[in-house]
Each structure stands twice: as C-alpha cells, then as structure tokens.
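Breakdown of the fold
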Amino acid sequence: MTTLTITRPDDWHVHLRDGEVLKDTVRDTGRYFGRAIIMPNLVPPVMNAEQAQEYFDRIQAVNETEHFQPLMVLYLTDNTTAQDIKDCKESGIVYAAKLYPAGATTNSASGVTDIKNIYPVLEAMQAEDMPLLLHGEVTDNDIDIFDREKAYIDRILTPVVKDFPNLRIVLEHITTKNAVDFVNNASENVAATITAHHLLFNRNHMLVGGIRPHYFCLPVLKRNTHQQALVEAATSGSTKFFLGTDSAPHTKANKENACGCAGAYTAHAAIELYAEVFEQENALDKLEGFASFNGPDFYKLPRHTDSITLVKESWDVPATMPFGNDVVVPIRANEQILWQVK
Ligand SMILES: NC(=O)N[C@@H](CC(=O)O)C(=O)O
Ligand SMILES: [Zn+2]
Ligand SMILES: [Zn+2]
C-alpha cells in the first residue's frame, strides 16, 4: 500500500460561507487543514475588524477540532480606510485583505471600482506588511472572459507591483500560463495560489458532451496548455506557488440553473485531489512544499510541526453532500478519488 506522510497542510483560499452551512464547510475544511485563509465575500461582506471578529467567532462556534485555525480576511471596498487596515492588524485575527474588482465574481458587488480608489489603503497595507490577495480579472465588457486574467496582469497588477514594491501580493486561483510567467518573473513579494480543479481540469471538461455546471468557476477553466503550465508551476518546487483550494460551495439548485453560480466544491477531498496531480507528474515529493511550507513561509507564519498521512486507497464520492438545510454537489460526484487521508 502506498502511503505519504507530510507536514500538516493549510488552505490559503477557501469559502466557508455563513449561517446554517458553516458546520458542514468547517467540518470538511477543518478535517486535516491546520489553517485556512477565509474568504470574506459574505453578504454583506467582512468590511472591518469588528465584522471579522464576529465571523471568526461564528466559525469557532462550530469548529470541533483542536488543530483548525481560521485566518480572517478583510474585504476591500472603495470606502476602506487606512484605519481599517490598522484595526485589522491589531485584531490579531486578520491576516490579509482581499481585493475583488467590483462585479468580477460571486458577491463582489461591493468590491473596488477603480484600483486608484484604494491607493492610500495599499500604502497602509505596505506599511503594516499586510498581504494583498487578488481576484485577478478585469470586468470590462469588451474583454473576453477567457482573457480577463491576462488583461488584469497587464493593466492593473503590473503597475501595482511597480508602485508598491514592498507590498506582499498573492494572485489567487491562477488559471493561465501568463499568470505563471508573471509570478515567476516578479519579486519574492509576489506569489500565487493554485486550485486542485484548475490542475485537474480544462475547459473541455466543462463543455465537451454537454455543459457541466459543477466545473464552472471563476476565473473560468482555460485551455489545456494553460492547465499544463499550472501543473508545471505547482509541481516545480518553486516556493512562489502554494495550495489554495478556492472551495466555493453553492447549492445544487443554484449550480444546476439557467444562470448557474460560479464555484466548485473541493473541501471534501482537497489534499486528496492535489495528490492525484502530483502523483501523475511523478512529483509526490513536491507536494509537501506546495501544501505545507510555501504558504506559511510567504505569510510569515510557522510551519506546522505535526503531520498527516495519505493512503492510496480509492473511495466513492457521493452524489451530494449536506450543506446546511440543502445539498452541494462535490467535485467528482459519483466518481472515485484515488487517495484518502488516514
Ligand atoms: N471561484 C468562484 O468561482 N467563486 C467564488 C468567488 C471567487 O473566488 O472568485 C465564490 O465565492 O463562489
Ligand atoms: Zn476569486
Ligand atoms: Zn475564491
């Protein structure tokens, strides 16, 4: 039997949502992840230190583990102030601030309408050494949805990196070779998260033989050449890339819909899915760096001192999983996953 023991991993990008569903999302993400960066795109969003503390308390109220620690994130709006950044830094529970371009993705309506509006806030973040997390897509109607990440890098991110050379930036859930190249060529202050689904799938999985809404997420799956660039980056051993699932549950009904929501649920089998990719690439020895070292090193947090063990033993993924009073369709529903965590 093949087994793999690695230092306890963290998830540097996850959506736990709120309310009734929290007990389900926290159970799945908290199963073996030590920490997780908790995305703040609630309705209304997490817009100050006080709201972050309240959300933290709601998560901890359903957290039944000893090991799982939620790392809270501030949602940037046109009205965020430098004082909000200071308050968050002082809170001791907020570890980053997230920039959603207004209209780019799920619950981004309150996001930033023009990067220039938050330049004083980015100044404060640079001074406080608080990482900036980016949903890196432009929202211009005339930019094709498959080109929006590249356009964001060219038009927004390139100048921001120049203007704030000491600001630590994570380009979240990258989907293109353009993003891989940009991060590789940028300073050590620029890193990226990569999801399991962008490593495992490309747009053919979503569109060939019928439209498969559970593969629809943002940034949208790209062509296989981009997928290959992501796989190479994740398994390369570069410390600039780390694990961020972007597990983003929506109810079955909201996905299987004439206007379906963007987001894929992978928290039921996150490290297990990554292990498949790394094994395929003969790079299982690189999984620990990607999942357990590069993230904490970038965030300036200690690496965990305990470990988890993966076993190569396939199991059947159910058709649906509980999601509060509703259900969510997980990635690989009704199919098998090759690894499990013991
Ligand atoms: N990734 C997604 O497709 N959706 C995320 C938002 C996001 O991370 O962009 C969500 O909150 O549903
Ligand atoms: Zn996003
Ligand atoms: Zn996300």
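Model, not experiment: these values are computed from the prediction.

Points about the sheet that holds strand β2 (residues 11-14)
Strand order across the open sheet formed by eight strands is β2-β3-β4-β5-β6-β7-β8-β9, with parallel pairing between neighbours. Where the open sheet ends on each side, the last strands, each with one partner, are β2 and β9 (241-243). For this sheet, the mean angle separating the axes of adjacent strands, direction not counted, is 30°. For strand β6 (residues 132-134) and strand β7 (residues 169-171), the ladder comprises three bridges, and the chain directions are parallel. Among the inter-strand pairings, Leu133 is bridged to a residue of β7, identified as Val170. Strand contacts of helix α5 (residues 148-163): β5 (94-99), β6, β7 and β8 (190-194), with the helix running at about 165° to β7, the strand carrying the most contacts.

Brief notes about the coordination of the zinc ion (ligand 2)
Around the zinc ion (ligand 2), the protein supplies His135 (ND1) and His173 (NE2) as donor atoms, at distances of 2.0 to 2.1 Å. Of note is the zinc ion (ligand 2), whose four donor atoms meet at the metal with angles of 53 to 146° in an arrangement that counts as irregular. Taken as an interatomic distance, the gap from the zinc ion (ligand 2) to the zinc ion (ligand 3) is 3.9 Å. Taken as a pair, His135 in the loop between β6 and α5 and His173 in the loop between β7 and α6 (177-185) lie far apart in primary sequence, 38 residues in all. Among the residues examined, His173 registers a relative accessible area of 2% and is labelled buried.

Section: the coordination of the zinc ion (ligand 3)
On the protein side, the zinc ion (ligand 3) has His13 (NE2), His15 (NE2) and Asp246 (OD) as donor atoms, found 2.0 Å from it. If you list the donors of the zinc ion (ligand 3) from N- to C-terminus, the spacing comes out as H-x1-H-x230-D.

Section: the environment of Lys150
The topology assignment puts Lys150 in helix α5. Spatially, the C-alpha atom of Lys150 lies 9.5 Å from that of Phe182, the residues being 32 residues apart in sequence.

Observations concerning α6
Buried within α6 we find Ala179, Val180, Phe182 and Val183. Buried positions in α6, seen along its axis, are confined to an arc of 165° and lie on one side of it. Buried residues belonging to α6 abut α5, β7, β8, α9 (224-235) and β9.

Structural notes on the UniProt feature "active site" (unreviewed entry) in the chain
Using the residue numbers shown here, the UniProt feature "active site" (unreviewed entry) corresponds to Asp246. Looking at the element boundaries, Asp246 is found in the loop between β9 and α10 (252-255). If near-sequence neighbours (up to four positions away) are discounted, Asp246 is found in contact with His13, His15, His173, Thr195, His197, Leu218 and Ala264.

Things to note about empty space enclosed by the protein
Following the criterion strictly, the structure yields three cavities of 30 Å³ or more and no others. What lines the largest cavity is a set of 16 residues, and nearest its centre among them are His15, Thr105, Leu218, Asp246 and Ala248. Per-class residue counts for the lining of the largest cavity are five nonpolar, eight polar and three charged. Considered as a void within the structure, the second largest cavity measures approximately 50 Å³ in volume. In terms of lining, the second largest cavity is formed by His214, Ala248, Pro249, His250, Lys255, Gly263, Ala264, Tyr265, Val328 and Val329. A breakdown of the residues in the lining of the second largest cavity according to their chemical character gives six nonpolar, three polar and one charged.

Some points on the confidence of the model for the chain
On average, residues of the chain carry a pLDDT of 98, and 100% of them reach 70 or more. ipTM for the predicted complex: 0.99, alongside a pTM of 0.98.

What counts and how
Residues numbered from 1 in each chain as written. Chains lettered and ligands numbered in written order. Predicted model: local features only at pLDDT ≥ 70, side-chain atom pairs only at ≥ 80, totals over all residues. Heavy atoms only, no water. Pairing = 2+ DSSP bridges. Helix = DSSP H or I, 4+ residues; strand = E, 2+ residues; numbered from the N terminus. Axes fitted to C-alpha atoms, helices over the stretch in contact; angles between N-to-C directions. Contact = heavy atoms within 4.5 Å. Donors = N, O, S within 2.8 Å, 3.2 Å for Na, K, Ca; no water. Tetrahedral: all angles 85-135°; square planar, octahedral: opposite > 155°, others 65-115°. Buried < 20%, exposed > 50% of the residue type's maximum accessible area, 1.4 Å probe, protein only. Arc of directions from axis to C-beta. UniProt positions renumbered as here; feature names shortened; annotations may be inferred. 1 Å grid on protein atoms, 1.4 Å probe; cavity = no way out; pocket = protein on both sides within 12 Å on 5 of 7 lines; lining within 4 Å. Points joined across faces, edges and corners; volume = space filled by probe spheres on them. Nonpolar A, V, L, I, M, F, W, Y, C, P; charged D, E, K, R; others polar. pLDDT = per-residue confidence, 0-100.

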